[in-house]
Amino acid sequence: MLLKRAKRGRRILSLYRLAVLISGSGSNLQAVIDAVSDGTIPNAKVELIISSREGVYGLERAKKHGIKNMVIDRHDPAKLAKTLEDHKADGIVLAGYLSVVPPDVIRKYNGKIVNIHPALLPMFGGKGFYGIRVHQAVLTAGVNFTGATAHLADREYDTGDVLVRSVVPVLVGDTAEILQKRVLGVEHKTLVRAVKALVENRIDDLVRNPVTLIREEDKEGVREFAQGLMTLCEALTVADNGEL
Ligand code: GRF
């Protein structure tokens, strides 16, 4: 709940107005809509949904929930900035938004723009790392774990402060499509957790102490992997001390 100053200095309680920017099917958008409506994200409202593309399913979700929605071309930063201002957005959620956010908007909403990325940043992030490409790169790199990261948006792609991460294993036989599905499965909770902190004005806490989420069924795998790393470190330490 935001305390805003009304005329004659009286304070009014108002809902936190979220603007959600999308470019695709909008499953992350849906997670935010559901969390606002069931109170997981309290005292907030999805005020506006802006898509950078026509005809995407995310816009159908907006219509289904009766939320104001529109398409703003990514080459029209002035219209985006004015629209956010006209709708008095308090914070912005980038839910599969594939364009860079204009510098004016980053400046005006500094620390109030949360993005979701389908990898464990800072790895597999940056220009060109979006959609299935991210998961192909993870497989090519041969890493054991991947996941999703909710972070603050800044002027570059995927470089803002990390707020919440969710870790999932990369399993033998995984294809990029299988991995994308497993990561999308944890993206929603990761994003909702970060947006809740935004609405409750707890972003600074998360910047200082980012949260890492692991599903119950994945904990054993992470524990084994961590144990493997520890053993490796010990071996390296022994080697360094010339004790071999
Ligand atoms: C998600 O994987 C998100 O991390 C990425 O784009 C995808 C969008 O999915 N930036 P959806 O449109 O929210 O379903």
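Predicted, not measured: the structure shown is a model, and the values here were computed from it.

### Examining the overall build of the chain
- The number of helices and strands found in the chain is 8 helices and 10 strands.
- Structurally, the chain occupies a C-alpha span of about 75 × 40 × 35 Å along its principal axes.
- Relative to its 244 residues, the chain shows a buried fraction of 43%.
- Put simply, of all contacts in the chain between residues at least 6 apart along the chain, 64% involve residues at least 24 apart.
- Accessible surface, the chain as shown: approximately 13200 Å² in total, 54% of it carbon and sulfur.
- Of the side-chain charges in the chain, 34 are positive and 29 negative, and the distance between the mean point of each set is 11 Å.

### Section: the nonpolar core
- In terms of nonpolar packing, the biggest core is built from 41 residues, with Leu-18, Ile-41, Ile-49 and Val-114 touching the most fellow members.
- Ranked by the residues each element gives to this core, the list is headed by helix H6 (residues 176–199), at 9 residues.
- Of all hydrophobic cores here, the second largest spans 17 residues; its members include Ala-89, Leu-94, Tyr-97 and Val-105.

### Some thoughts on the sheet that holds strand E7 (residues 113–117)
- Strand order in the open sheet formed by 8 strands is E5-E4-E3-E6-E7-E8-E9-E10, with mixed pairing between adjacent strands. In this open sheet, the two strands that pair with only one neighbour each are strand E5 (69–71) and strand E10 (211–214). Adjacent strand axes in the sheet meet at a mean angle of 20° when their direction is disregarded.
- Relative to E10, strand E9 (residues 162–169) runs parallel, the two being bridged by 4 bridges. Across the sheet, Val-164 pairs through a bridge with Val-211, a residue of E10.
- With respect to the sheet, helix H3 (residues 77–86) is in contact with strand E3 (16–22), strand E4 (44–51), E5 and strand E6 (91–94), its orientation differing from that of E4 by roughly 160°.

### What about helix H2 (residues 57–64)?
- Among all positions of H2, only Gly-58, Leu-59, Arg-61 and Ala-62 are buried. Across the axial projection of H2, the buried residues extend over an arc of 155°, all falling on one side.
- Those residues of H2 hidden inside the fold are in contact with E3, helix H1 (27–37), E4 and E5.
- Positive backbone phi, approximately 65°, marks Gly-66, located one or two places after H2.

### Re the environment of Ala-95
- Positionally, Ala-95 belongs in the loop between E6 and helix H4 (103–108).
- Its relative accessible area of 5% is what places Ala-95 among the buried residues.
- In this structure, the C-alpha to C-alpha distance between Ala-95 and Leu-191, residues 96 residues apart in sequence, is 8.4 Å.
- The contact partners of Ala-95, leaving out residues within four places of it in the chain, are Val-20, Leu-21, Ile-22, Asn-28, Leu-29, Ile-116 and Leu-191.

### What to know about unusual backbone geometry
- Omega for the peptide link from Leu-121 to Pro-122 comes to 15°, which places this bond in the cis form.
- Positionally, Pro-122 belongs in the loop between E7 and helix H5 (132–141).
- A positive phi angle is found at Phe-124, which is not glycine, with a value near 55°.
- For Phe-124, the position within the fold is in the loop between E7 and H5.
- Exposure remark for Phe-124: the relative accessible area of 15% places this residue in the buried category.

### What to know about the packing of H5 against H6
- Where H5 meets H6, the axes come as close as 9 Å, and the angle between the chain directions of the two elements is 110°. Taken together, the axes of H5 and H6 are roughly perpendicular relative to one another. Judged by the twist between their axes, the crossing of H5 over H6 is right-handed. Facing Ile-132, His-135, Gln-136, Val-138 and Leu-139 of H5, the residues of H6 in contact are Ala-176, Glu-177, Leu-179, Gln-180 and Val-183.
- Residue composition of the contact of H5 with H6, by class: 6 nonpolar, 3 polar and 1 charged.

Rules used in this analysis
- Residues numbered from 1 in each chain as written.
- Predicted model: local features only at pLDDT ≥ 70, side-chain atom pairs only at ≥ 80, totals over all residues.
- Heavy atoms only, no water.
- Helix = DSSP H or I, 4+ residues; strand = E, 2+ residues; numbered from the N terminus.
- Buried < 20%, exposed > 50% of the residue type's maximum accessible area, 1.4 Å probe, protein only.
- Contact = heavy atoms within 4.5 Å.
- Areas by Shrake-Rupley, 256 points an atom, 1.4 Å probe, with all protein chains shown as cover.
- Lys, Arg positive; Asp, Glu negative; His and termini not counted.
- Charge placed at Lys NZ, Arg CZ, Asp CG, Glu CD.
- Core = buried A, V, L, I, M, F, W, Y, C linked by side-chain atoms within 4.5 Å.
- Pairing = 2+ DSSP bridges.
- Axes fitted to C-alpha atoms, helices over the stretch in contact; angles between N-to-C directions.
- Arc of directions from axis to C-beta.
- Parallel < 35°, antiparallel > 145°, perpendicular 65-115°, else oblique.
- Left-handed = near helix turned anticlockwise from the far one by under 90°.
- Nonpolar A, V, L, I, M, F, W, Y, C, P; charged D, E, K, R; others polar.

Honestly, that's just the spatial picture; any functional story needs more than this.
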